[in-house]
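Residue strings, one per chain:
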Amino acid sequence: MIIQTLSRSQSKDAFERIQENSDFTSIDWSNRLDSDYLVIINYLVEKYFELKQSGYKDYQLDYRFSLLFYDYFHQKEWMTDRIAADYEFWSYFALIVIPDLVFDRFGADDDKHYYAKGLRIWPYTLYWYTHLAWQGNVESTNKILSSSRCCSDTILNLVERPGRNGTYISMYRSIMFYFVNCNPTKEVDNIKLFRSIMKLALAKPLVIDPDLCSGGPSEYAKEIVQECVDKIDFTLKE
Amino acid sequence: MQQNKVSIDEDSYELAFSYDVIEDGETKNYPLEKDSKNSLFYQLCDSQGVWTPNTHNLKVSGAFIITNPIGLYGENGIAPKESSIGLAIRWCSGTSKKRGVKFIGDINKSTNRQEIQFCVVFNKAELRGSVTFYFELFINSNELGTQNEQHLANTKGTLIGEDQICILDIDAKEQNFPIELFDDPDSPLWKLYVSENDPRFTPWGLDAVKIQLNKAHKDYKYINQDVKTKFSPVLLREILASAVSLYINKLQEIAKKYEQECQGLQDFLNDDTDWAPGCVAEVVKGFQSEPMNIDFTSPIETSISVHKYFDLKLGNL
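Residues numbered from 1 in each chain as written. Chains lettered and ligands numbered in written order. Predicted model: local features only at pLDDT ≥ 70, side-chain atom pairs only at ≥ 80, totals over all residues. Heavy atoms only, no water.

The subject of this paragraph is the overall build of chain B. Scanning chain B for helices and strands turns up four helices and 13 strands. For 317 residues, the compact-globule estimate of 2.2 N^0.38 gives 20 Å, and the C-alpha radius of gyration of chain B, at 26 Å, exceeds that figure by more than 25%. In terms of its C-alpha atoms, chain B occupies a principal-axis envelope of roughly 80 × 50 × 35 Å. Across the 317 residues that make up chain B, the buried fraction comes to 48%. Taking the intrachain contacts of chain B between residues at least 6 apart in sequence as the baseline, contacts between residues at least 24 apart amount to 66%. As displayed, chain B offers around 16,100 Å² of accessible surface, 47% of which is attributable to carbon and sulfur atoms. (Helix = DSSP H or I, 4+ residues; strand = E, 2+ residues; numbered from the N terminus. Rg over C-alpha atoms; globule rule 2.2 N^0.38 Å. Buried < 20%, exposed > 50% of the residue type's maximum accessible area, 1.4 Å probe, protein only. Contact = heavy atoms within 4.5 Å. Areas by Shrake-Rupley, 256 points an atom, 1.4 Å probe, with all protein chains shown as cover.)

Printed below as a string of structure tokens:
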């Protein structure tokens, strides 16, 4: 597998070409990509349209596709942490490998989903949403992502808050577990609750380190979730 | 009575970087040289030409000398007298989307001088861009403390002090001579771009010169180190050597464009009075000395000396 990337200027050109002509049926994929990428395309296109034909859309489509996407890639020997953090790799993916899927999901008005905003490049988001919620296997992770507490805003708040100094990945995974499994005494606004949890998750490690405290990252995440549930009123307004 | 000052000595140790290679079934450790822009900012260089962040692990090691730690404890210190203060190495990398902490030892309050060694190991292809290292002092017990110590932190994991050790630029090695990848099925495997601007005032970098490698070319796999089964170090060496030789020869031409009286590049580079800092001329002048030792006297001598340099630098790839 040859890892391909697109620089920002190359991405801009590729995006302009998509805006000018988004008829992907005329593309000769085998001329454009080598066989490794063609195998990936065949798998992803099949799975994506299967989900769409089943009637899934918005968050229901995104989380299911994210889980399939991550499960497919993180098993590949060539997929490393270094590649997963490379916006130029994901730009190549969005603009050259699966532009038809990105176009189907978001159209071609907003360049952020293709290359312009790293954290919002759709293939990057798909990979990192499940990566940051991963519970060790597909089944356990599916239980978390399919929870009624999660929605498109959960994706945004989890993936787009990596922290300027890097992400506490194990803590984020535990936060997703305790967020989905918390038991507020009243019905709560899950969007506001999760936003507050993620803000506290960025602020608290400046004082107490998740890896050095009693109970480690898991207990730390549990306390953050509980603190937000107990101390802030997120009950749904009538 | 004046108490001796507490200190965590950062000057008394040398940070060391290394990587492992498995040879004949045995793991051997090789050092990486650090190229330091200042005392906090490091780039790594492997004289063997083997290490890349994609293909090998990275070990960062060093030691702290702590003197008079007793001053850290008690109501005039930063932690309750009966508590324990731990020392950890924290690394943060926004570009890798990762961070981590390694506990390296507790500070022993009963000794006047203590040395704590550390080694942080990163897997191959784990890091991207830059990584910042800190040492952290933290409360490593849940000792509440006496009535006079209630103003002190006492929760395990609370950070009570930190300092930056260094910033490491993992990908700097790949940027020594500007190399850029491009994608064009109709172009050759590699090209050279050279700016015609005055080398004395043009900053060194991708806008001045670049070797462009074509990812869309059918033979790109032979120069891509990630494709281990196809990668040909000889071909990559030849391309780099040819490109640098060509560059020097092109500069001979450019030098005459700006100083018609000069006798060639060597003559052009002699007078460095008005040069802009970090300009092309400054970098190219350095090509003539160690470790490159490139000869500018004629195209043939240039080619011989450039090939010698790359054979030595990348001969073990």
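A word on the side chain of B:S83. All names here are of chain B. Relative to the elements of secondary structure, S83 occurs in the loop between β5 (58-67) and β6 (85-93). The exposure class assigned to S83 is buried, which follows from its relative accessible area of 2%. There is a polar contact of 2.6 Å between the side chain of S83 and the backbone oxygen of P80. For S83, the residues in contact, after removing those within four places along its chain, are Y73, K109, S141 and E143. (Polar contact = N/O pair within 3.5 Å; in protein donor to acceptor, adjacent residues only side chain to side chain.)

Our focus in this paragraph is the sheet that holds strand β12 (residues 190-194) of chain B. Residues and elements named next belong to chain B. If you trace the three strands from one edge of the open sheet to the other, you get β11-β13-β12, paired in mixed fashion. Sheet topology places β11 (179-182) and β12 at the edges, where each strand pairs with a single neighbour. Mean inter-strand twist for the sheet, computed between neighbouring axes without regard to direction, equals 25 degrees. Against the sheet, helix α1 (residues 233-258) contacts β11, β12 and β13 (209-214), and its axis sits at roughly 30 degrees relative to β12. (Pairing = 2+ DSSP bridges. Axes fitted to C-alpha atoms, helices over the stretch in contact; angles between N-to-C directions.)

Grouped together as the largest cluster of nonpolar side chains are 83 residues, with contacts concentrated most on A:F69, A:F73, A:W90, A:F93 and A:Y129. Ranked by residue count, the leading element in this core is helix α4 (residues 58-74) of chain A, at nine residues. When neighbours within four sequence positions are excluded, A:Y129 is seen to be in contact with A:Y59, A:Y63, A:S66, A:L145, A:C150, A:T154, A:I155, A:L158, A:V159 and A:M176. Ranked by size, the runner-up nonpolar core spans 39 residues in total, among them B:L236, B:L240, B:C262 and B:M292. (Core = buried A, V, L, I, M, F, W, Y, C linked by side-chain atoms within 4.5 Å.)

With that settled, the discussion passes to empty space enclosed by the protein. Residues and elements named next belong to chain B. Summed over all chains, the structure comprises three cavities of 30 Å³ or more. Per-element accounting of the lining of the largest cavity gives the leading share, three residues, to α1. Class assignment of the residues belonging to the lining of the largest cavity gives a composition of seven nonpolar, three polar and no charged. (1 Å grid on protein atoms, 1.4 Å probe; cavity = no way out; pocket = protein on both sides within 12 Å on 5 of 7 lines; lining within 4 Å. Points joined across faces, edges and corners; volume = space filled by probe spheres on them. Nonpolar A, V, L, I, M, F, W, Y, C, P; charged D, E, K, R; others polar.)

Moving on to the layout of surface pockets. Empty space among the atoms becomes apparent when a probe as large as a water molecule is rolled across them. By volume, the second largest pocket is sized at about 980 Å³. Forming the walls of the second largest pocket are 35 residues, and the residues nearest its centre are A:R32, A:L33, A:Y92, A:I96 and B:D183. For the lining of the second largest pocket, the secondary structure elements donating two or more residues are α1 (8-20), α2 (29-32), α3 (35-53) and α6 (87-97) of chain A. Ranked by the residues each element gives to the lining of the second largest pocket, the list is headed by α1(A), at five residues.

Moving on to the interface of chain A and chain B. Each partner contributes to the interface: chain A provides 30 residues, whereas chain B provides 37 residues. Approximately 2,700 Å² of surface area, both sides summed, lies buried where chain A meets chain B, with 50% of it carried by carbon and sulfur atoms. Per-residue buried area on chain A facing chain B is highest for A:R82, A:N165 and A:L212; these three make up 30% of the total on that side. In this structure, the connection of chain A to chain B is made through two salt bridges. The salt bridge involving B:K98 is made with A:D81; its shortest N-O contact spans 2.6 Å. At the junction of chain A with chain B, the criterion picks out 15 residue pairs in polar contact (both at pLDDT 80 or more). Elements that contribute at least two residues to the side of chain A that touches chain B include exactly α5 (81-84), α6 and α8 (122-133) of chain A. Classifying every residue of the side of chain A that touches chain B by side-chain character gives 16 nonpolar, eight polar and six charged. (Buried area = accessible area lost by both parts, 1.4 Å probe. Salt bridge = Lys/Arg side-chain N within 4 Å of Asp/Glu carboxyl O.)

Attention now moves to the domain arrangement of chain A. Residue and element names in this part refer to chain A. Looking at chain A, the domain boundaries give domain 1 (1-143) and domain 2 (161-238). Its C-alpha centre places domain 1 at a distance of 29 Å from the equivalent point of domain 2. Looking at the side of domain 1 facing domain 2, the largest losses of area belong to H131, L132 and Q135, adding up to 55% of the total buried there. Across the domain 1-domain 2 interface, the total number found is zero salt bridges. Our enumeration of links across domain 1 and domain 2 arrives at three residue pairs in polar contact (both at pLDDT 80 or more). The element that contributes the greatest number of residues to the side of domain 1 that touches domain 2 is α8, accounting for five residues. Class assignment of the residues belonging to the side of domain 1 that touches domain 2 gives a composition of seven nonpolar, two polar and one charged. (Domains from an automatic or database assignment.)

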